[in-house]
There are 2 protein chains.
Amino acid sequence: MRDHFELRDADAMGRIGSLSVPRAGVTVETPALLPVVNPNIQTIEPARLSEEFGADILITNSYIIRKTEELNERALTEGLHEMLGFDGAIMTDSGSFQLAEYGEIDVTTEEILAFQRDIGSDIATPVDIPTPPDVSREQAEEELGVTAEALADAEAFDAGDSEMLLNAPVQGSTYPDLRERAGRQAAETDLDVFPVGAVVPLMNAYRYDDMVEAVLAAKRGLGPAAPVHLFGAGHPMMFALAAACGCDLFDSAAYALMARDGRYLTVRGTEQFEDLDYFPCSCAVCTEHTPDDLRGMDHRAREDLLAEHNLHVSFAEIRRVKQAIRSGNLLELVEVRARGHPAMLDGYRALLDGASDLEREDPVSKGAFFYTSHESARRPEVLRHRERLARLDVPDRVLLTEDGEPNDHDYDAVWRVVPPFGPFPKSLSDTYPLTAEVPERVDTAAQRAAAEGVAELAEAHPEASLTLSHDGWPAHVLEAVPESVTVETLPKAREREE
Amino acid sequence: MRDHFELRDADAMGRIGSLSVPRAGVTVETPALLPVVNPNIQTIEPARLSEEFGADILITNSYIIRKTEELNERALTEGLHEMLGFDGAIMTDSGSFQLAEYGEIDVTTEEILAFQRDIGSDIATPVDIPTPPDVSREQAEEELGVTAEALADAEAFDAGDSEMLLNAPVQGSTYPDLRERAGRQAAETDLDVFPVGAVVPLMNAYRYDDMVEAVLAAKRGLGPAAPVHLFGAGHPMMFALAAACGCDLFDSAAYALMARDGRYLTVRGTEQFEDLDYFPCSCAVCTEHTPDDLRGMDHRAREDLLAEHNLHVSFAEIRRVKQAIRSGNLLELVEVRARGHPAMLDGYRALLDGASDLEREDPVSKGAFFYTSHESARRPEVLRHRERLARLDVPDRVLLTEDGEPNDHDYDAVWRVVPPFGPFPKSLSDTYPLTAEVPERVDTAAQRAAAEGVAELAEAHPEASLTLSHDGWPAHVLEAVPESVTVETLPKAREREE
Ligand SMILES: [Mg+2]
Ligand SMILES: [Mg+2]
Ligand SMILES: [Zn+2]
Ligand SMILES: [Zn+2]
């Protein structure tokens, strides 16, 4: 455990944590959103970010400040907090983005870290290489070598008695094994915060599945103790998904950039403000104004209101994610968000493909499991129940039934079968997740998962004689049930057929 | 077409309409939410409902006003609008709820309509019988007879020159054929607004599927021209689903009743305020306060803020539903809301079971189709495309492929196959819904729907020789493809297998 980061609650791979930022004298509760403040153009002043939106950390770019004469001077004399008018924690970026964009920059990690220290940054960043997706493996490995050197330079850097924290970016392009290795190497340093880098091109291309794979791989290397920043990720649509992968920090330039382009953020995606007849939001901007009101305003006033709305939506989603972690229903929130766009569904499906990672972190007991889609059948709780089946004591002759206990029988025990979990003894019926709320209109994904539960039980207990009494499962579901199990159809299902 | 109700836009069975309320001199845009104002206890004053929340119609109870001496007098002398301090349209209820609750009331339809007229109601209600769910068919039919008499009394009622509109409630318990008949009979009267009644017990029991069935049945009888009020339905979680079934008016007592009980509404359900550590919402209440702030307040201040939040969320959801109808993505919104609770998924599945009703009303062309769940494979657009396949000209030898056109072939035509739609010729590829956004990680529901499209094509064109080249569909999907179609697996799918 890194001693400046404490975990307080967890759900799926998401968690609520406390990040101590000693130089700022501030503890940031995570998941947290860092608004990006452009040192040249402040759409919403930093003081308002804190007072009106509750931001207790922001991020700005030390490279731009260093390059801009007037800012450079002011930052060095006044200090960053005074210059921006912000009391909370300030993270600074290093120019790596400019490096990726323009091919070279005129500063070393040591120089830029010294500058960040001197202007009063609370969390500073070395000059890593944000390798884009889909490059050759050779390029990704080579650039990872350079990033590793930047991390070594950062470790060697003398922050004096500033207590400044240091970022250790994790790169590796779209190679999961490189991301994992990079994560492991970063976690072995004594650096403090771990940005997963260069995911912006994936998000811009709606490649949420590839983003999830990159994050899960980085997390496997980093381990659960590291505070993880999904660098450049600011769209509220993906906060829940990314938090469920274990991301703790997000930063949003989107709120301002999108407002400048007349774009309006929602948890389901991005709208062109011009296309809206109604504001689909409960924030003060959207309650007090109509789209027509904004159309009648000058450009600057409209941009400010759109930026305010974009921030309200983003911070509300962060609170929603935190509440979901507290309530133990983060995956239920991800289920909802996954329906915002087909690419988000791909992202959720990719998260479920990483179910073994998920299962390792996911708490054993929570409030209630809601089955709300075919994807729910692949949640870690379903897999965990199936594994538990192998360890249960099983009497000789057991009826596994989707109905109640028959009035008259000579089984040694009657166990209920509930899709998607499969069979379980009465003694477990009040335990999580078997208290699940499931739809009445069952689907084949749930039935298939239940059938696989029956198979697991049969295979782990070949000595038991099992009878399955199902409520009309189709043939391709029953295929999963081994031959050793006697299968019968419940009378109510036979009646429905007739 | 009823001349006081005009339809302006439509999506699924949802629509944007204008309800003229001549006595109030107000036109109400639908879908609209009517806050319920208790004439004795006003949680939020009606003037604030209009100014701060944009309510242009509300509902109150004329039976309670008539029974309460002081209110009775004031309403008769000042008039209802003056008494409540509300300029918009006012609908009044009749005491039917009290009848259902206490078995009898001391007023006839004629008397209560006269009272409603005399106090200045804009839309009045006769004394119908809100038959609860699951009663015997005999009871449901008998009570429907009494409701029919109330409608006849209302038709015969002389509103003078008041221009007061009249409600024609549609009952029938959980018998779809009775709901349909009741709807048809109500539509044949010259009454004005059509509440679907007695659905509150269904909603309270989370029986959203039964609610959808009741509404779809009533709508089949009422036809598209009637303005439909889902009476007693005030939870924002189900506005999108109910609007997609064709409901135009909702009323919310929930915002106030729930606040009194310390309950906090969201579009995903209801939270106990006491259980919240964070406010998962962007409204002014939730941005400016934390749950701990509210815990420190006196009971009345807290109740007011919860009621405000509840209203903000409810009105925002109404705007979201309207925007979705305008944008042609109401079913995409229903997809999202269906993941709020397993019972909501049942409701959505029930709506899709009514796909033929849906298909009749759903516009032929919209913005973009998002495939976001297995349920998307059952949307009306998928069925409509399948029906269109039967009417297309088909060359002699056609390759239907999930891949691009092969470099070298001697088919007469190559058509793409896209799950969930199935095959289509190039000429249609830029038309709705074939411009759909679909996930990369295809599911078997989409594949199965596509296979059924292939089957439809083959059956309608037995003379054509069809070859299907699929990307690794499983056996239970391929079962849907008739023997007459040559089936081959794409090389890329075979490679994945290896
Ligand atoms: Mg992809
Ligand atoms: Mg039911
Ligand atoms: Zn807003
Ligand atoms: Zn709120």
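Residues numbered from 1 in each chain as written. Chains lettered and ligands numbered in written order. Predicted model: local features only at pLDDT ≥ 70, side-chain atom pairs only at ≥ 80, totals over all residues. Heavy atoms only, no water.

Enquirer: I would appreciate a short explanation of the overall build of chain A in the present structure.
Expert: In terms of regular secondary structure, chain A is built from 22 helices and 18 strands. By the burial criterion, 61% of the 498 residues in chain A qualify as buried. Long-range contacts, defined here as pairs at least 24 residues apart, represent 66% of the contacts in chain A between residues at least 6 apart. For chain A, the exposed area adds up to about 18,900 Å²; of that, 45% sits on carbon and sulfur atoms. Side-chain charges of chain A comprise 45 positive and 92 negative groups, with the mean position of each set lying 3 Å from the other. (Helix = DSSP H or I, 4+ residues; strand = E, 2+ residues; numbered from the N terminus. Buried < 20%, exposed > 50% of the residue type's maximum accessible area, 1.4 Å probe, protein only. Contact = heavy atoms within 4.5 Å. Areas by Shrake-Rupley, 256 points an atom, 1.4 Å probe, with all protein chains shown as cover. Lys, Arg positive; Asp, Glu negative; His and termini not counted. Charge placed at Lys NZ, Arg CZ, Asp CG, Glu CD.)

Enquirer: Can you help me understand the side chain of B:Arg339 in this one?
Expert: Positionally, B:Arg339 belongs in the loop between helix H16 (330–337) and helix H17 (342–353). Overall, the relative accessible area of 1% leaves B:Arg339 in the buried class. A polar contact is formed between the side chain of B:Arg339 and the side chain of B:Glu335, at a distance of 2.7 Å. Leaving out residues up to four positions away in the same chain, B:Arg339 has contacts with A:Glu332, A:Glu335, A:Val336, A:Arg339, A:Thr372, A:Ser373, B:Leu345, B:Tyr348, B:Ser373 and B:Glu375. (Polar contact = N/O pair within 3.5 Å; in protein donor to acceptor, adjacent residues only side chain to side chain.)

Enquirer: Explain the packing of helix H10 (residues 208–222) of chain A against helix H17 (residues 342–353) of chain A to me, please; I cannot follow it from the model alone.
Expert: Think of two packed helices as two axes; the pair is described by the angle between the axes and how far apart they sit. Residue and element names in this part refer to chain A. The contact between H10 and H17 brings their axes to 7 Å, and the two run at 30°. Regarding the angle of H10 to H17, the classification is roughly parallel. Both H10 and H17 take part in a crossing whose hand is right-handed. Every residue of H17 that contacts H10 at Tyr208, Asp209, Val212 and Leu216 is listed here: Ala343, Met344, Asp346, Gly347, Ala350 and Leu351. Partitioning the contact of H10 with H17 into residue classes produces 7 nonpolar, 1 polar and 2 charged. (Axes fitted to C-alpha atoms, helices over the stretch in contact; angles between N-to-C directions. Parallel < 35°, antiparallel > 145°, perpendicular 65-115°, else oblique. Left-handed = near helix turned anticlockwise from the far one by under 90°. Nonpolar A, V, L, I, M, F, W, Y, C, P; charged D, E, K, R; others polar.)

Enquirer: Just checking my understanding: could you explain the interface of chain A and chain B for this structure?
Expert: Across the contact, 55 residues belong to chain A and 55 residues belong to chain B. In total, about 4,800 Å² of surface goes out of reach between chain A and chain B, with carbon and sulfur atoms giving 51% of it. Three residues, A:Arg268, A:Tyr278 and A:Arg441, lead the burial of chain A against chain B; their summed loss comes to 18% of the area buried on that side. The tally of links from chain A across to chain B stands at 10 salt bridges. Across the salt bridge formed by A:Asp209 and B:Arg441, the nearest N and O atoms sit 3.5 Å from each other. (Buried area = accessible area lost by both parts, 1.4 Å probe. Salt bridge = Lys/Arg side-chain N within 4 Å of Asp/Glu carboxyl O.)

Enquirer: Explanation requested: unusual backbone geometry in the structure shown.
Expert: One can expect most non-glycine residues to show negative phi and most peptide bonds to be in trans. Along the chain, B:Thr30 connects to B:Pro31 via a cis peptide bond; the corresponding omega equals -5°. Along the chain, B:Pro31 turns up in the loop between strand E3 (26–30) and strand E4 (32–37). Cis peptide bonds are those with omega within 30 degrees of zero, and the linkage from B:Pro419 to B:Pro420 qualifies with 5°. Its location among the elements puts B:Pro420 in the loop between strand E15 (413–418) and strand E16 (422–424). In this structure, A:Ala198 is a non-glycine residue whose phi angle is positive, near 60°. Mapped onto the secondary structure, A:Ala198 falls in the loop between strand E9 (194–196) and helix H9 (200–204).

Enquirer: Would you take a moment to explain the packing of aromatic side chains for this structure?
Expert: By convention here, two paired aromatic rings are described through the distance between centres and the angle between planes. If you walk through the whole model with that rule in mind, you get 12 aromatic pairs over all chains. Look at A:Phe273 and A:Phe279: their rings are 6.4 Å apart centre to centre, the planes differ by 25°, and that puts the pair in the stacked class. Between B:Tyr264 and B:Phe279 the ring centres are 5.3 Å apart and the planes differ by 10°, which places this aromatic pair in the stacked class. Placement of the pair is B:Tyr264 in strand E12 (residues 263–266) and B:Phe279 in the loop between strand E13 (269–272) and helix H13 (284–288), with a sequence separation of 15 residues. Here B:Tyr264 and B:Phe279 have matching classes, each one buried. Following the ring pairs from residue to residue traces out a cluster consisting of A:Tyr264, A:Phe273 and A:Phe279. The residue whose ring lies beneath A:Arg295 is A:Phe273, and the NZ or CZ to ring-centre distance is 5.4 Å. The side chain of A:Arg379 reaches across the aromatic face of A:Phe369, ending 4.1 Å from its centre. (Phe/Tyr/Trp six-rings, centres within 6.5 Å; stacked < 30°, edge-to-face > 60°. Lys NZ or Arg CZ within 6 Å of the ring centre and 35° of its normal.)

Enquirer: I tried to follow the relation of the copies chain A and chain B on my own but got confused; where do I start?
Expert: Each of the two chain copies can be generated from the other by rotation about an axis followed by a shift along it. When chain A is brought onto chain B, the operation consists of a screw motion whose angular component is 180° and whose axial shift is 0.0 Å, with 0.0 Å RMSD remaining. Taken together, the turn and the small shift mark the pair as related by a two-fold rotation axis. Residues of chain A ranked by C-alpha distance from the rotation axis are headed by A:Cys283, positioned 2.1 Å from it. Comparing interface residues between copies, 100% of those in chain A also lie at the interface in chain B; the contact surface is shared. (Least-squares fit on C-alpha atoms with pLDDT ≥ 70 in both.)

Enquirer: Which parts of the structure should I look at to understand helix H15 (residues 299–327) of chain A?
Expert: Because the α-helix completes a turn every 3.6 residues, residues three or four places apart line up on one side. All names here are of chain A. Between its first and last C-alpha atoms H15 spans 42 Å; for 29 residues at 1.5 Å apiece the expected length is 42 Å, and the two agree. With 23 of 29 residues buried, H15 lies mostly within the body of the structure. For H15, the side-chain oxygen to backbone nitrogen distance between the N-cap and Arg300 is 3.0 Å, and the N-cap itself is Asp298. Just past H15, the residue Gly328 takes up positive phi, approximately 75°. (Expected span 1.5 Å × (residues − 1).)

Enquirer: How should the environment of B:Pro35 be read in this particular structure?
Expert: On the secondary structure map, B:Pro35 appears in strand E4. Beyond its immediate stretch of four places on either side in the chain, B:Pro35 contacts B:Leu49, B:Ala55, B:Ile57, B:Leu58, B:Ile59, B:Ser252, B:Tyr255 and B:Phe315.

Enquirer: For this particular structure, what's the right way to read the coordination of the zinc ion (ligand 4)?
Expert: Around a metal, the perfect tetrahedron of four donors has angles of 109.5 degrees, and the perfect octahedron of six donors has angles of 90 or 180 degrees. Residue and element names in this part refer to chain B. Donor atoms from the polypeptide that coordinate the zinc ion (ligand 4) comprise Cys281 (SG), Cys283 (SG), Cys286 (SG) and His309 (ND1), at 2.1 to 2.3 Å from the metal. The coordination sphere of the zinc ion (ligand 4) comprises 4 donor atoms, whose angles at the metal cover 98 to 119°; the geometry is tetrahedral. Each donor residue of the zinc ion (ligand 4) lies on one chain, and together they are spaced C-x1-C-x2-C-x22-H. A residue pair is termed long-range when its members are at least 10 positions apart, and Cys283 in the loop between E13 and H13 and His309 in helix H15 (residues 299–327) qualify at 26 residues. (Donors = N, O, S within 2.8 Å, 3.2 Å for Na, K, Ca; no water. Tetrahedral: all angles 85-135°; square planar, octahedral: opposite > 155°, others 65-115°.)

Enquirer: Looking at this structure, how should I read the UniProt feature "binding site: substrate" (unreviewed entry) in chain A?
Expert: Residues and elements named next belong to chain A. Mapped onto the present numbering, the UniProt feature "binding site: substrate" (unreviewed entry) falls at Asp128 and Ala198. What stands out for the annotated residues spanning 71 residues is how close their C-alpha atoms remain, the widest pair being 10.4 Å apart. In contact with Asp128, not counting residues within four places along its chain, are Ser96, Leu99, Thr147, Ala150, Pro169 and Gln171. Overall, Ala198 belongs to the buried group, its relative accessible area being 13%. Not counting the four nearest positions on each side in its chain, Ala198 is found in contact with Pro130, Thr131, Gln171 and Arg179. (UniProt positions renumbered as here; feature names shortened; annotations may be inferred.)

Enquirer: Where do I start with the UniProt feature "domain: tRNA-guanine(15) transglycosylase-like" (unreviewed entry) in chain A in this structure?
Expert: The positions UniProt marks with the feature "domain: tRNA-guanine(15) transglycosylase-like" (unreviewed entry) are residues 14–342 of chain A. A helix fraction of 48% and a strand fraction of 16% characterise residues 14–342 of chain A, whose end C-alpha atoms lie 22 Å from each other.

Enquirer: Any chance you could explain the sheet that holds E3(B) here in plain terms?
Expert: Strands belonging to one sheet form pairs held by backbone hydrogen bonds; the direction of such a pair is parallel or antiparallel. Residue and element names in this part refer to chain B. Across the sheet, 3 strands lie side by side as E1-E2-E3; this open sheet has antiparallel pairing. Each edge of the open sheet carries a strand with a single partner, namely strand E1 (5–11) and E3. The average angle at which neighbouring strand axes cross in this sheet is 15°, direction not considered. Both E1 and strand E2 (residues 14–21) contribute to a ladder of 6 bridges, which runs antiparallel. (Pairing = 2+ DSSP bridges.)

Enquirer: What's the story with the packing of H15(A) against helix H16 (residues 330–337) of chain A in this structure? I'm lost.
Expert: All names here are of chain A. Between H15 and H16, the shortest axis-to-axis distance is 7 Å and the interhelical angle comes to 140°. It follows from the interaxial angle that H15 and H16 lie oblique. Within the contact between the two elements, H15 uses Glu317, Arg320, Val321, Ala324 and Ile325 and H16 uses Leu330, Leu333 and Arg337. Of the residues belonging to the contact of H15 with H16, the class tally is 5 nonpolar, no polar and 3 charged.

Enquirer: Would you mind showing me how to read the sheet that holds strand E18 (residues 486–489) of chain A here?
Expert: All names here are of chain A. Ordered by their spatial adjacency, 5 strands build an open sheet running E16-E15-E14-E17-E18, and the pairing between neighbours is mixed. Each end of this open sheet is capped by a strand with a single partner; those strands are strand E16 (422–424) and E18. Averaged over neighbouring strand pairs, the angle between their axes works out to 25° when direction is ignored. Pairing between strand E17 (residues 465–470) and E18: 4 bridges, direction parallel. Looking across to E18, one finds that Ser469 is bridged to Glu488. Helix H20 (residues 444–460) contacts strand E14 (397–401), strand E15 (413–418), E16 and E17 of the sheet and is inclined by roughly 55° relative to E16.

Enquirer: Quick question: what am I supposed to make of the environment of B:Glu110 here?
Expert: All names here are of chain B. The residue Glu110 is located in helix H6 (residues 109–119) in this model. Given a relative accessible area of 56%, Glu110 falls into the exposed group. Sequence spacing of Glu110 and Val127 is 17 residues, and the spatial spacing of their C-alpha atoms is 8.8 Å.

Enquirer: Hey, could you run me through the pattern of salt bridges in this one?
Expert: Pairs can form between side chains of opposite charge whenever their charged atoms are close. Counted by the stated rule, this structure contains 92 salt bridges over all chains. Residues A:Arg320 and A:Glu317 are paired through a salt bridge, measuring 2.5 Å at the closest nitrogen-oxygen approach. Taken together, the positions of A:Arg320 and A:Glu317, both in helix H15 and 3 residues apart, correspond to about one turn of that helix. For B:Asp353, the salt bridge goes to B:Arg378, with nearest N and O atoms at 2.4 Å. Of this pair, B:Asp353 sits in helix H17 while B:Arg378 sits in the loop between helix H18 (355–361) and helix H19 (380–391), placing them 25 residues apart in sequence.

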